[in-house]
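# Fold and geometry: a report
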Amino acid sequence: MADVTERMLALLSALQTGRSFSGEELTRRLGVSPRTLRRDVDRLRGYGYPVETQPGPGGFYRLAAGRTMPPLVLDDDEAVATLLALASLAAVGPSTEGGIDDAATRAYGKLDQFLPARLRPRVTSIRASLETSPQRAPNVTADRFGLVAEAIAHQETMTFTYTNARGERTDRRVEPYRQVHHLLRWYLLGWDVEREDWRVFRLDRLSEPRRTGHRYAARPLPADSAAEYLRQGLNKDRQPVSLLVKAPAADVIDALKLQDAEIHSTGDRQTSVSLALDSWQWLVLNLAFLDADFQISAGAQFTAACRAFGERLLAATSATSATAAAP
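Below or above, wherever it landed, is the structure these notes cover. (Residues numbered from 1 in each chain as written. Predicted model: local features only at pLDDT ≥ 70, side-chain atom pairs only at ≥ 80, totals over all residues. Heavy atoms only, no water.)

### Notes on the sheet that holds strand E7 (residues 206-215)
Taken together, five strands build an open sheet; the order of strands is E6-E5-E4-E3-E7 and the sheet is antiparallel. At either end of the open sheet lies a strand with only one pairing partner, and these are strand E6 (197-202) and E7. Within this sheet the neighbouring strands show an average axis-to-axis angle of 45°, counted without direction. Strand direction decides the pairing type here: strand E3 (residues 156-163) and strand E4 (residues 169-182), joined by six bridges, are antiparallel. Each residue of the ladder has a partner; that of Thr163, found in E4, is Arg169. Lying over the sheet, helix H7 (residues 142-153) contacts E3, E4, strand E5 (185-192) and E7, oriented at roughly 90° with respect to E4. Along the sheet face, helix H8 (residues 226-235) touches E4, E5 and E6 and points at about 115° away from the line of E4. (Pairing = 2+ DSSP bridges. Helix = DSSP H or I, 4+ residues; strand = E, 2+ residues; numbered from the N terminus. Axes fitted to C-alpha atoms, helices over the stretch in contact; angles between N-to-C directions. Contact = heavy atoms within 4.5 Å.)

### As for the packing of helix H4 (residues 76-90) against helix H6 (residues 120-129)
Packed helix pairs are specified by the crossing angle of their axes together with the interaxial distance, meaning the distance between the axes. Running from amino to carboxyl end, H4 crosses H6 at an angle of 35°, the nearest separation of the two axes being 10 Å. Judged by the sense of rotation from one axis to the other, the crossing of H4 with H6 is right-handed. Here Asp76, Ala79, Val80 and Leu83 of H4 lie close against H6, whose contacting residues are Arg122, Val123, Ile126 and Arg127. For the contact of H4 with H6, the residue count by class is five nonpolar, no polar and three charged. (Left-handed = near helix turned anticlockwise from the far one by under 90°. Nonpolar A, V, L, I, M, F, W, Y, C, P; charged D, E, K, R; others polar.)

### A word on the nonpolar core
Judged by nonpolar contacts, the single largest core of 19 residues is most densely connected at Val241, Leu243, Val245, Val252, Val273, Leu283 and Phe302. Breaking this core down by element, the ones donating at least two residues are strand E8 (239-245), helix H9 (249-255), strand E10 (270-277), helix H10 (280-290) and helix H11 (300-325). If we skip the residues at most four places from it in the chain, Val252 touches Val245, Ala247, Ile263, Thr271, Val273 and Leu290. Membership of the second largest hydrophobic core comes to 16 residues, among which are Met8, Leu15, Phe21 and Leu26. (Core = buried A, V, L, I, M, F, W, Y, C linked by side-chain atoms within 4.5 Å. Buried < 20%, exposed > 50% of the residue type's maximum accessible area, 1.4 Å probe, protein only.)

Honestly, that's just the spatial picture; any functional story needs more than this.
Printed below as a string of C-alpha cells:
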C-alpha cells in the first residue's frame, strides 16, 4: 500500500503542474505499465480529482481546470516551503487591508485546512515556531496583481495614471508584458504605446488601472527576460564595479544583500563580485563591515574617490597616533 500511495502522490504532483502528459511520458516518469497508469488515474477520479484523457495519437492526461478540487496534495518539503513563503510575504509591506501581504497573512493561517491530515500537525508545529520581522516595502493589492496578470494573459492593452519618483503624474497606455519582483519592489514591464518604447513602472505607483479590451500583437523583448531588462534599466546610470574579496562567498552575500550583485566563489575564502553602484560611499561602508582584504576595479572617478577617502582616513588616524605617542 505504501508503494501505491507514493505512486499516486507522484502522479498527482505531476498532473497538478497544469501540463498535459502523454501516457508514455507518465509511465516512464512513474516506472509503471500502461495498465497500472490507467488504474491509478481511475483511483484519482474516485478520490474526486477530475482527470481528463484524450486517447489515440496525440493523446494526453491532464487535470481539468476551473473545478472544485479536493485537499491540496503537497509532500512534506513542499508544505514547509509554502508555509515559509507565506510567512515571508506576510512580513513585507505595511499590512494594509487588501494588500498582498494581508492576503498572505490570511492564507498563512488557513494553510493546514487545505492539506491532507498527515501533514497538518507538522504545518501547525512549524507555524507555531515561526516569527518574522517586518520589512517595509510599498504595498500592492492582490486585485491589482490579478488585473495586470489577466491583461498580460489576454494580450490586452491597459491604461493607468502613473506617478514617478518626482511626484509627476502622467496618463499611460501600455501593452503589458510581465510583472517582476526585484529587491522588495514589484514592477510592470510593458510597451508604452504613445512613447513607442519599452518602459518599466512601479506597480505601487499605478492608479486607476483598467483593461481596455483592445488586443495587441506580441513584440520581441530586447533582452533575455523581463527581469534582465529591468536590471539593465535600473543600472544604466550607475557605475559598474568589480571586486575580488578575500572572504567566503556567504559572508560577502550577507554584506551585499540589498544590492543587485553577481557573487561567485573563486577559491578558498575568495569571492568575485560584479555590481553597479551610484555611491562609492555605500561600497566603502559595507566593505568595512566585512573586515577582509579586497581589490576594486572600476572607473577612474570612482576609484579616485575611494583613494582620496583612504588617504583622508589614513591622515586622520596618523595624526591621532602621533598625538597619543607624544610625551
